[in-house]
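In case you want the letters, here they are:
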Amino acid sequence: MTDFFDQVVQISNRSKVAERQALTEEATKTSVILPFLQTLGFDVFNLDEVIPEFIADVGTKKGEKVDFAVKIDGKIAILIEAKPSNSKLGDSQYNQLFRYFSVTEARLAILTNGREAWFFSDTDEPNKMDKRPFFKFDFQNFDKGQVDELARFQKPNFAIDAIVEAASNLKYIRAAASYIKSQLEDPDEDFIKLVGRRIHDGSITKSVSEQIRPAIQSALDEIIRDRIQDKLSITFNGDKKTESSKPDEAVGSEAVADDGIDTTGEEISGHLIVRAIAARIVPFDRIYIRDSKSYCAILMDDNNRKPVCRLYFNSATTRHIGIFDSDKNEVKHKVSGPEDLYRFADDILAVVKSYA
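A brief report on the enclosed structure follows. (Residues numbered from 1 in each chain as written. Predicted model: local features only at pLDDT ≥ 70, side-chain atom pairs only at ≥ 80, totals over all residues. Heavy atoms only, no water.)

1. Describing the pairing of strand β5 (residues 116-120)
Rule in force here: Type-normalised accessible area, obtained with a 1.4 Å probe on protein chains alone, sets the label of each residue: buried when under 20%, exposed when over 50%, and partly exposed for intermediate values. Under the scheme used here, helices are H or I runs from DSSP no shorter than 4 residues and strands are E runs no shorter than 2 residues, and both carry numbers assigned from the N terminus. DSSP calls a pair of strands paired once it identifies at least 2 bridges connecting them.
Burial analysis of β5 places four of its five residues in the buried class, the great majority of the element. In this structure, strand β4 (residues 108-112) lies alongside β5, joined through four bridges in antiparallel fashion. In the strand pairing of β5, Ala109 is matched with Phe120. Connecting β4 to the antiparallel partner β5 that follows it, the hairpin turn spans three residues, and Gly114 within it adopts a positive phi of roughly 85°. With four bridges joining them, β5 and strand β6 (residues 135-138) adopt antiparallel strand pairing. If you follow Ala117 over to β6, its bridge partner there is Phe137.

This is the structure we're talking about:
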């Protein structure tokens, strides 16, 4: 999987160049889409495997062509419609692919502009392409979990029944996740009433609804924050146990070479909070802690050139948090403790995203 991940990173680099330079559909095909198919294990030079300009006659329209048809075991398995890298994927492109899908035996369709790839199947009705993709892959912004999902479509792993079953599950998971996310951001009236009936005696009138809405929103924020914090604390403590399970190394080197640096509980809490915030867009284990005598640094990928923030908690009277922007400029803020990091969640996410 490491090799596959590295290959996807190479496609990501191609995608970034294509976004600036590949202004036509053909340029996007050559620079991104064909290398992407190669990464999935298909021979793009073998017409028995990858067919460009595949004719898919639709009704009375003859000579309708889809950009690529991919064969597996001699059967059309995947249809691919390509668009220029500077175009947005939307309804018009979707409708074109929808027509092709119904007249072939393919059960997987990919719509891509070299920046994103949208994956469709027929989970709602057989031989009729779903209106919504069950999986979207952003070539320029992805994590390991998404690459693992993408690996399902590699030729050696390709099993259409398993893919469709997973697509069906993903459809409901993502629909549920989308609904829950919308309620976290702005609970609708039905959700407020649903919770309100559990915490309020009597009818949920409009005035009652407005009264309990802030409490419900705060409770949702607290639940999510606590769950992330608990999971990260367990992981962090597990890491510490692994390190401490090597007593000979500790006695032989670290214990003797005491540099006077003491990583406090507040600094550890700060690290976990930044991990929790960053986990919205990157794997949390990419956020590292590196302590020094003057400050405690929180870094991306344990890299000094990717500072996220600094914790100045060594003073007995005042505490500061240094927040970095995408240009690595630091701005200090006076705080009461590590919990104040949540106030700067948007800034932390912005700098993490710039390194991702």
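2. Quick word on the sheet that holds strand β10 (residues 319-324)
Threshold: The axes are straight lines fitted to the C-alpha atoms, using for helices just the contacting stretch, and the angles between their N-to-C directions are given from 0 to 180°. Should any heavy atoms of two residues lie within 4.5 Å, those residues are considered in contact.
The strand order across the open sheet built from five strands is β7-β8-β9-β10-β11, with neighbouring strands paired in antiparallel fashion. Sheet topology places β7 (287-291) and β11 (330-335) at the edges, where each strand pairs with a single neighbour. The mean inter-strand angle of the sheet, taken between neighbouring strand axes irrespective of direction, is 20°. Note: strand β9 (residues 307-312) against β10, four bridges, orientation antiparallel. Within β10, the residue paired with Leu311 across the bridge is Ile321. Packing against the sheet, helix α9 (residues 265-278) makes contact with β7, β8 (296-300), β9 and β10, and its axis sits at approximately 160° to β7. In the packing of helix α10 (residues 345-355) onto the sheet, contacts are made with β7, β8, β9 and β10, and the angle to β9 comes to roughly 140°.

3. Here's the deal with unusual backbone geometry
Backbone geometry places Asp301, a non-glycine residue, at a positive phi of 60°. Note that Asp301 resides in the loop between β8 and β9. With a phi angle near 55°, Asp302 is a residue other than glycine that sits in the positive phi range. With respect to the helices, strands and loops of the structure, Asp302 is situated in the loop between β8 and β9. Exposure remark for Asp302: the relative accessible area of 34% places this residue in the partly exposed category.

4. A few points about the pairing of β4
Across the five residues that make up β4, a large majority, five, are buried. Of the two faces of β4, both are covered, the one formed by Leu108, Ile110 and Thr112 as well as the one formed by Ala109 and Leu111. Where strand β3 (residues 75-82) and β4 come together, five bridges link them in parallel fashion. Considered in β4, the bridge of Ile78 is made with Leu108.

5. What about the pattern of salt bridges?
The following threshold applies: By salt bridge we mean one thing: a side-chain nitrogen of Lys or Arg within 4 Å of a carboxyl oxygen of Asp or Glu.
Applying the stated criterion across every chain yields a total of 21 salt bridges. A salt bridge links Glu266 to Arg319; its shortest N-O distance comes to 2.8 Å. One end of the pair, Glu266, is in helix α9; the other, Arg319, is in strand β10, and 53 residues separate them in sequence. Among the ionic pairs, Asp301 bridges to Arg286, the shortest N-O distance being 2.8 Å. Of this pair, Asp301 sits in the loop between β8 and β9 while Arg286 sits in the loop between α9 and β7, and the two are 15 residues apart along the sequence. Residue Asp301 is classed as partly exposed on the basis of its relative accessible area, which comes to 28%.

6. Digging into the state of the cysteines
For clarity, the cut-off: The disulfide criterion used throughout: a pair of cysteine sulfur atoms within 2.5 Å.
This model, assessed by the stated rule, comprises zero disulfides. Free cysteine Cys296: the closest other cysteine sulfur is in Cys309, separated by 8.4 Å. Accessibility expressed as a relative area gives 0% for Cys296, which makes it buried. Cys309 sits in the buried class, given a relative accessible area of 1%.

7. Notes on α10
Along α10, the residues that are buried comprise Ala345, Ile348, Leu349, Val351, Val352 and Tyr355. The inward-facing, buried residues of α10 abut α9, β7, β8, β9 and β10.

That's the geometry; what it means functionally is another story.
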